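Working through the structure, step by step
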Amino acid sequence: METTTDVVIVGGGVIGCAIAYYLRKSHVSVTVVERGEIGGQASGAAAGLLAPLGPLSGPGPLADFLLAGCALFPSLVQTLEAETSLQLGYRQTGALRTVRNPKRIAHLKKRYTSWLPLGLEMHWLSGDEARQLEPQLSPDVCATVYAPAEGQIRAPQLVLAFAQAARQQGAIIHPHTEIVGVETTGTSVTGVRTAQGDVLRCHTLIVATGSWAALCAQWFHVSLPIRPLHGQLISLQQPSPPLQHIIFGEAAYLVPGADTLIVGATREETDFQLAVTEEGISWLQDTARRLVPTLASSERTAAWAGLRPKTPDHQPLLGPLPGWQNVLLAAGHNSIGIMTGALTGQSIATLLTTGQMPQIIRPFSVERVLPSERLFTK
Ligand SMILES: Cc1cc2nc3c(=O)[nH]c(=O)nc-3n(C[C@H](O)[C@H](O)[C@H](O)COP(=O)(O)OP(=O)(O)OC[C@H]3O[C@@H](n4cnc5c(N)ncnc54)[C@H](O)[C@@H]3O)c2cc1C
């Protein structure tokens, strides 16, 4: 293992790999250290929705971040596919946000009104108009918001592409290497310690460990409010003819691929255990069939789970770790890490190479979740 590098990134999910990719574009020497497989946790489990409206309730910093994050994809995908020969499955399939209970129409209308100022193309459709677009939608779907620009990507492929392209451009990537602690001098980190007992020296440390970021923050005596939110997903065979659009019900969503579609996802407060349960699978199957009854005869092809890195305000934690001179945090992306991974990577690379915090990530600083006395202890 190489023992000195400018930047060590702990965590080989979409966030760590995207940061490494953009740092290499600026010729910074960088090593990514991942405990398991690259993309083996939340990033590889994600459904791959590039559908920014869902988490939003109007304009604001999160809307700016999500919309700018999604806007990077058309050209980014072209570049990454050319650099790696991987197929990322990026498609602007459009999304239908549906309600089946007439009493919920007013709620959807309110959300639609709050989304209008965001400037994304959107149409309010009756149930019948929605069924013209997607004929297998349940007959009880009574109102829909149609957003043609929303889309999808194959999340596991995206992470692999960032990692492969970063590696091709000189990044060092160590899977199956757990970091168990840090070496420090005063308020600076000088290196990280692996479970095998090696020390990897660095000038800057970036913690990009998703749901595990709060555990890593203990190395710095910082208490971070990031918790895992367990999510189960299944895939079903596409019905014939296949569904074309992403379909959101009020509790679950369907993401259509060529032969199969993803149904996601449960939301379960949990510890760090990953589990696929009969209860979770049944709930996903039943919810999918209520949205699209023809799915009753579709076979299940897979089931899996991941841990969303959840924060109390559902927004990520990005930037310097208060009290430390050379430690950055990029974690807590909740359900939006695939949509915003590239922009996070770009922004953290800019922060590191220019010393300036890009405006787009300023609202997500780590300070906002730390008690004020913590900010003055070092
Ligand atoms: C069910 C589900 C569906 C989702 N769907 C979507 C979606 O459609 N669209 C979207 O935008 N987002 C989605 N997300 C959210 C998205 O997956 C996450 O926000 C994103 O993957 C977080 O990326 P990350 O790199 O921070 O975390 P992770 O991918 O979890 O990566 C963190 C890595 O750090 C490693 N690590 C931890 N501790 C250590 C250590 N001590 N040493 C070395 N390595 C360590 C872990 O092994 C892990 O690989 C979904 C998430 C889930 C669970």
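Quick caveat, the model's predicted, so the values are computed rather than measured. (Residues numbered from 1 in each chain as written. Predicted model: local features only at pLDDT ≥ 70, side-chain atom pairs only at ≥ 80, totals over all residues. Heavy atoms only, no water.)

Some words on the site of the ligand
Selection criterion: The nearness test applies per residue and asks whether one of its heavy atoms lies within 4 Å of the molecule or strand. Within 3.5 Å is the distance limit for a polar contact, defined as a pair of N or O atoms, with the added protein rule that one can donate a hydrogen and the other accept it, and that residues adjacent in sequence qualify only through two side-chain atoms. All accessible-area figures derive from a Shrake-Rupley calculation using a 1.4 Å probe, and residue coverage is judged against the displayed protein chains alone. Every helix listed is a DSSP run of H or I at least four residues long, and every strand listed is a run of E at least two residues long, numbered separately from the N terminus.
In the vicinity of the ligand, 38 residues are found, and the nearest of them are Glu-34, Ser-43, Leu-49, Asn-334 and Met-339. Measuring from an oxygen atom of the ligand, one finds a backbone N or O atom of Ala-42 at 3.2 Å. With respect to the ligand, the backbone of Met-339 contributes an N or O atom lying 2.8 Å from an oxygen atom. Within the complex, 98% of the 1,000 Å² of free accessible area of the ligand lies under protein. Here the shell around the ligand takes four residues from strand S17 (residues 300-310), the largest share from any one element.

Description of the pattern of salt bridges
Selection rule: The working definition used for a salt bridge is a side-chain nitrogen of Lys or Arg within 4 Å of a carboxyl oxygen of Asp or Glu. Burial here depends on accessible area, computed with a 1.4 Å probe over protein chains only, as a share of the maximum for the residue type. Under 20% is buried, over 50% is exposed, and the range in between is partly exposed.
A full pass over the atoms with the stated rule returns 10 salt bridges. With a closest N to O distance of 2.6 Å, Arg-97 and Glu-150 form a salt bridge. Taken together, the positions of Arg-97 in strand S4 (residues 95-99) and Glu-150 in the loop between strand S6 (143-147) and strand S7 (151-152) put the pair 53 residues apart, joining distant regions of the chain. Classification of Glu-150 as buried rests on a relative accessible area of 1%.

Let's talk about unusual backbone geometry
Of the consecutive residues Ser-240 and Pro-241, the connecting peptide bond is found in the cis state with omega at 0 degrees. Inspection of the secondary structure puts Pro-241 in the loop between strand S12 (227-237) and strand S13 (246-248). Here Gly-264 and Ala-265 are connected by a cis peptide whose omega angle stands at -20 degrees. We note that His-27 has phi near 65 degrees; this positive angle belongs to a residue other than glycine. Tracing the backbone shows His-27 in the loop between helix H1 (14-25) and strand S2 (30-33). The backbone phi angle of Asn-334 is positive, close to 45 degrees, even though this residue is not glycine. Relative to the elements of secondary structure, Asn-334 occurs in the loop between strand S19 (327-331) and helix H10 (337-354). Residue classification places Asn-334 among the buried residues on the basis of a relative accessible area of 13%.

Things to note about helix H3 (residues 61-71)
As a reminder of what qualifies: The directions from the helix axis to the C-beta atoms are what the arc is built from. Only heavy atoms enter the contact rule, under which two residues are in contact if any of them lie within 4.5 Å.
What H3 keeps buried is the set Leu-62, Ala-63, Phe-65, Leu-66, Gly-69 and Cys-70. Down the axis, H3 shows its buried residues gathered within 165 degrees of arc, on one side only. Residues of H3 that are buried sit in contact with strand S3 (49-50), helix H4 (73-84), strand S18 (317-320) and H10.

What to know about the packing of aromatic side chains
Put simply, the rule reads: Here a Phe, Tyr or Trp ring, Trp counted by its six-membered ring, pairs with any other such ring whose centre lies within 6.5 Å, and the pair is stacked when the planes are under 30 degrees apart, edge-to-face when over 60, and tilted otherwise. Lysine and arginine charges are scored as sitting over a ring when NZ or CZ, respectively, is within 6 Å of the ring centre and within 35 degrees of the ring normal.
All chains considered together, the criterion is met by 10 aromatic pairs. With centroids separated by 6.4 Å and ring planes inclined at 65 degrees, the aromatic side chains of Trp-219 and Phe-220 adopt a geometry described as edge-to-face. Above the plane of the ring of Trp-115 lies Arg-97, whose end atom (NZ or CZ) is 5.4 Å from the centre. Over the aromatic face of Trp-124 sits the side chain of Lys-109, whose NZ or CZ is 4.3 Å from the ring centroid.

A closer look at the side chain of Glu-134
This is how the line gets drawn: In this tally, Lys and Arg are treated as positive and Asp and Glu as negative; His is ignored, and so are the chain termini.
Mapped onto the elements of the fold, Glu-134 is located in the loop between helix H6 (127-133) and S6. One buried charge, Glu-134, has no salt-bridge partner; the nearest side chain with opposite charge is Arg-91, at 9.6 Å. At 2.8 Å, the side chain of Glu-134 forms a polar contact with the backbone nitrogen of His-245. In this structure, Glu-134 is in contact with Leu-96, Pro-242, Leu-243, Gln-244, His-245 and Ile-247, ignoring residues within four places of it in sequence.

Observations regarding the pairing of S4
The condition is simple: Paired strands are those between which DSSP finds at least two bridges.
Counted residue by residue, S4 has five buried out of five residues, so it is predominantly covered. Of the two faces of S4, both are covered, the one formed by Ala-95, Arg-97 and Val-99 as well as the one formed by Leu-96 and Thr-98. Relative to S6, S4 runs antiparallel, the two sharing five bridges. Of the residues in S6, the one forming a bridge with Leu-96 is Tyr-146. Across three bridges, the pairing between S4 and S13 is parallel. Among the inter-strand pairings, Leu-96 is bridged to a residue of S13, identified as Ile-247.

This is a description of form; function is not addressed.
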